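Close look at the chain arrangement
Read off the chains here:
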Amino acid sequence: MGYLAAAGAYLIIGLVVSFILMVVGLFIGHIIVFDSIALGIISGVCCNHFLTLHPALCVLIGAAVFALLLFLQKTRFGFWVIGVLLSAAWAVIFGLLAFIISNADQLWFYVVCGLAFIVMLLLHIKARDKA
């Protein structure tokens, strides 16, 4: 009986790890689409929460933001503006995570922010060249 429980636990752990690696792979390979989806969802949720609009309108607003960001990132000017801003946003998120993990060490915040900005900008450029 213990063998079945252990085999089931291995199966569940394998599925969870596979799912996490799939999401990370999608994030790295298609960051432009990932950013657009994330900002579309965030804008729909914010419209519902702050503006108290009907949920159907919030879904339409989220879809419009997704489509607009995806379209703008296909243009040269829009790509650089949105790509740099989103790279900076991801850098701040990773920097804050490092700040929290390092017990409020500001040097870790700045180092991780700088490195994350470079990596995220390169990922945006790679995703644009691939598209």
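A brief report on the enclosed structure follows. Source: prediction; values computed, not measured.

**Digging into the packing of helix 2 (residues 31-50) against helix 4 (residues 76-101)**
Relative orientation of the contacting elements helix 2 and helix 4 amounts to 75°, with a least axis distance of 12 Å. Classified by the interaxial angle, the pair formed by helix 2 and helix 4 is roughly perpendicular. Residue-level inspection shows I32, F34, D35 and L39 of helix 2 in contact with helix 4, the latter providing F79, L86 and W90. Considered class by class, the residues forming the contact of helix 2 with helix 4 number six nonpolar, no polar and one charged.

**Describing the side chain of S36**
Its place among the elements puts S36 in helix 2. At 3.0 Å, the side chain of S36 and the backbone oxygen of I32 are in polar contact.

**A word on the side chain of Q73**
Tracing the chain through its elements places Q73 in the loop between helix 3 (55-72) and helix 4. For Q73, a relative accessible area of 2% corresponds to the buried category. In this structure, Q73 is in contact with I32, S36, G78, F79, I82, L86, H124 and R128, ignoring residues within four places of it in sequence.

**Details of a nonpolar patch on the surface**
There is a patch of nonpolar side chains on the surface, built from I12, V16, F19, I20, M22, V23, V24, L26 and I28 and spanning about 790 Å² of accessible area. Assignment of secondary structure puts I12 in helix 1 (residues 2-29).

**Observations concerning the nonpolar core**
Of all hydrophobic cores here, the largest spans eight residues; its members are F27, I31, I32, F79, W90, M120, L123 and A127. Mapped onto this core, the elements with two or more residues apiece are helix 2, helix 4 and helix 5 (106-130). No other element matches the three residues that helix 5 contributes to this core. Beyond its immediate chain neighbours, meaning those up to four positions away, A127 contacts G29, I31 and I32.

**Comments concerning helix 3**
The end-to-end C-alpha distance of helix 3, which contains 18 residues, comes to 25 Å, matching closely the 26 Å that a straight helix rising 1.5 Å per residue would cover. Residues C58, G62 and L69 constitute the buried set of helix 3. Buried positions in helix 3, seen along its axis, are confined to an arc of 40° and lie on one side of it. Seen from the buried face of helix 3, the exposed residues on the opposite side, beyond 90 degrees, are L60 and F71. Its buried side turned inward, helix 3 meets helix 2 and helix 4.

**Quick notes on the packing of aromatic side chains**
Here a ring pair, both rings aromatic, is described through the centre-centre distance and the interplanar angle of the planes. Under the criterion given, the structure shown has five aromatic pairs. With a centroid separation of 6.3 Å and 40° between ring planes, the pair formed by F34 and W90 is classed as tilted. Separated by 56 residues along the polypeptide, F34 in helix 2 and W90 in helix 4 bring together distant segments of the chain. With a relative accessible area of 17%, W90 lands in the buried category. Geometrically, the ring pair formed by F79 and W80 is edge-to-face, given 5.1 Å between the ring centres and 75° between the ring planes. Ring pairing ties together the aromatic residues F34, W90 and F94, which thus form one cluster. One Lys or Arg, R128, reaches over the ring of F79 and ends 4.8 Å from the middle of that ring.

Rules and cut-offs
- Residues numbered from 1 in each chain as written.
- Predicted model: local features only at pLDDT ≥ 70, side-chain atom pairs only at ≥ 80, totals over all residues.
- Heavy atoms only, no water.
- Axes fitted to C-alpha atoms, helices over the stretch in contact; angles between N-to-C directions.
- Helix = DSSP H or I, 4+ residues; strand = E, 2+ residues; numbered from the N terminus.
- Parallel < 35°, antiparallel > 145°, perpendicular 65-115°, else oblique.
- Contact = heavy atoms within 4.5 Å.
- Nonpolar A, V, L, I, M, F, W, Y, C, P; charged D, E, K, R; others polar.
- Polar contact = N/O pair within 3.5 Å; in protein donor to acceptor, adjacent residues only side chain to side chain.
- Buried < 20%, exposed > 50% of the residue type's maximum accessible area, 1.4 Å probe, protein only.
- Patch = residues over 30% accessible without salt bridge, like charges linked within 9 Å, V, L, I, M, F, W, Y side chains within 5 Å.
- Areas by Shrake-Rupley, 256 points an atom, 1.4 Å probe, with all protein chains shown as cover.
- Salt bridge = Lys/Arg side-chain N within 4 Å of Asp/Glu carboxyl O.
- Core = buried A, V, L, I, M, F, W, Y, C linked by side-chain atoms within 4.5 Å.
- Expected span 1.5 Å × (residues − 1).
- Arc of directions from axis to C-beta.
- Phe/Tyr/Trp six-rings, centres within 6.5 Å; stacked < 30°, edge-to-face > 60°.
- Lys NZ or Arg CZ within 6 Å of the ring centre and 35° of its normal.

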